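In case you want the letters, here they are:
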Amino acid sequence: MKKFHKPKAAADSESRYRRHRRLVRIGQLLMAAGALVLISHWFAHLAPAGQGPGITEDMFIGYPTGGVLLLIGAVVAGRTETRR
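None of these values were measured; they are calculated from a predicted model. (Residues numbered from 1 in each chain as written. Predicted model: local features only at pLDDT ≥ 70, side-chain atom pairs only at ≥ 80, totals over all residues. Heavy atoms only, no water.)

Caption draft 1: Representation of the overall build of the protein within the structure. Check the secondary structure of the protein and you find 3 helices and 0 strands. Secondary structure elements of the protein, listed N to C terminal, follow the sequence α-α-α. Split into buried and exposed, the 84 residues of the protein put 12% on the buried side. Look at the contacts in the protein between residues 6 or more apart in sequence, and 76% of them connect residues 24 or more apart. Accessible surface, the protein: about 7,200 Å² in total, of which carbon and sulfur atoms supply 65%. (Helix = DSSP H or I, 4+ residues; strand = E, 2+ residues; numbered from the N terminus. Buried < 20%, exposed > 50% of the residue type's maximum accessible area, 1.4 Å probe, protein only. Contact = heavy atoms within 4.5 Å. Areas by Shrake-Rupley, 256 points an atom, 1.4 Å probe, with all protein chains shown as cover.)

Next up, the structure:
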């Protein structure tokens, strides 16, 4: 016996708008987190000589992590709303 699936109901414009706004806010939060990582890493470099971050922290933790968070947040926040 065949099973007939109920077709998905088309998302109304209000739910699409809420989803879009949620993605924009998530992207903005990621961008803010990236900015905080970059600023805190920059402050760590202002420490007296010998107390700043090491080369491995510079290569993997500080600026690259902040930059990636900023980039991902910008992509998520900058997506345009789909129109139907």
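Additional details are given in the paragraphs that follow.
Caption draft 2: Structural context of helix α1 (residues 13-45). Its 33 residues give α1 an end-to-end C-alpha distance of 48 Å, which sits within 8% of 48 Å, the value for a rise of 1.5 Å per residue. Residues of α1 that are buried include every one of H20, V24, G27, G34 and H41, and no others. Considering only its buried residues, α1 is in contact with α2 (55-60) and α3 (63-77). (Expected span 1.5 Å × (residues − 1).)

Caption draft 3: Spatial organisation of the side chain of H41. Residue placement: H41 occurs in helix α1. Among residues more than four places away in sequence, those in contact with H41 are P53, E57, D58, G62 and Y63.

Caption draft 4: Here's a closer look at the packing of aromatic side chains. If you walk through the whole model with that rule in mind, you get 1 aromatic pair. Centre to centre, the rings of W42 and F43 are 5.2 Å apart; their planes meet at 35°, and the pair counts as tilted. (Phe/Tyr/Trp six-rings, centres within 6.5 Å; stacked < 30°, edge-to-face > 60°.)

Caption draft 5: Fine view of a nonpolar patch on the surface. A contiguous nonpolar patch, built from I39, W42, F43, L46 and Y63 and spanning about 540 Å² of accessible area, is present on the exposed surface. Structurally, the position occupied by F43 is in helix α1. (Patch = residues over 30% accessible without salt bridge, like charges linked within 9 Å, V, L, I, M, F, W, Y side chains within 5 Å. Salt bridge = Lys/Arg side-chain N within 4 Å of Asp/Glu carboxyl O.)

Caption draft 6: Examining the environment of A74 more closely. As for its position among the elements, A74 is in helix α3. The spatial distance from the C-alpha of A74 to the C-alpha of G27 is 6.1 Å, given a sequence separation of 47 residues.

Caption draft 7: Quick peek at the packing of α1 against α3. The geometry of α1 relative to α3 is characterised by a closest axis approach of 7 Å and an angle of 160° between their N-to-C directions. Taken as axis vectors, α1 and α3 run roughly antiparallel relative to one another. The interaxial crossing formed by α1 with α3 has left-handed handedness. Partitioning the contact of α1 with α3 into residue classes produces 16 nonpolar, 9 polar and no charged. (Axes fitted to C-alpha atoms, helices over the stretch in contact; angles between N-to-C directions. Parallel < 35°, antiparallel > 145°, perpendicular 65-115°, else oblique. Left-handed = near helix turned anticlockwise from the far one by under 90°. Nonpolar A, V, L, I, M, F, W, Y, C, P; charged D, E, K, R; others polar.)

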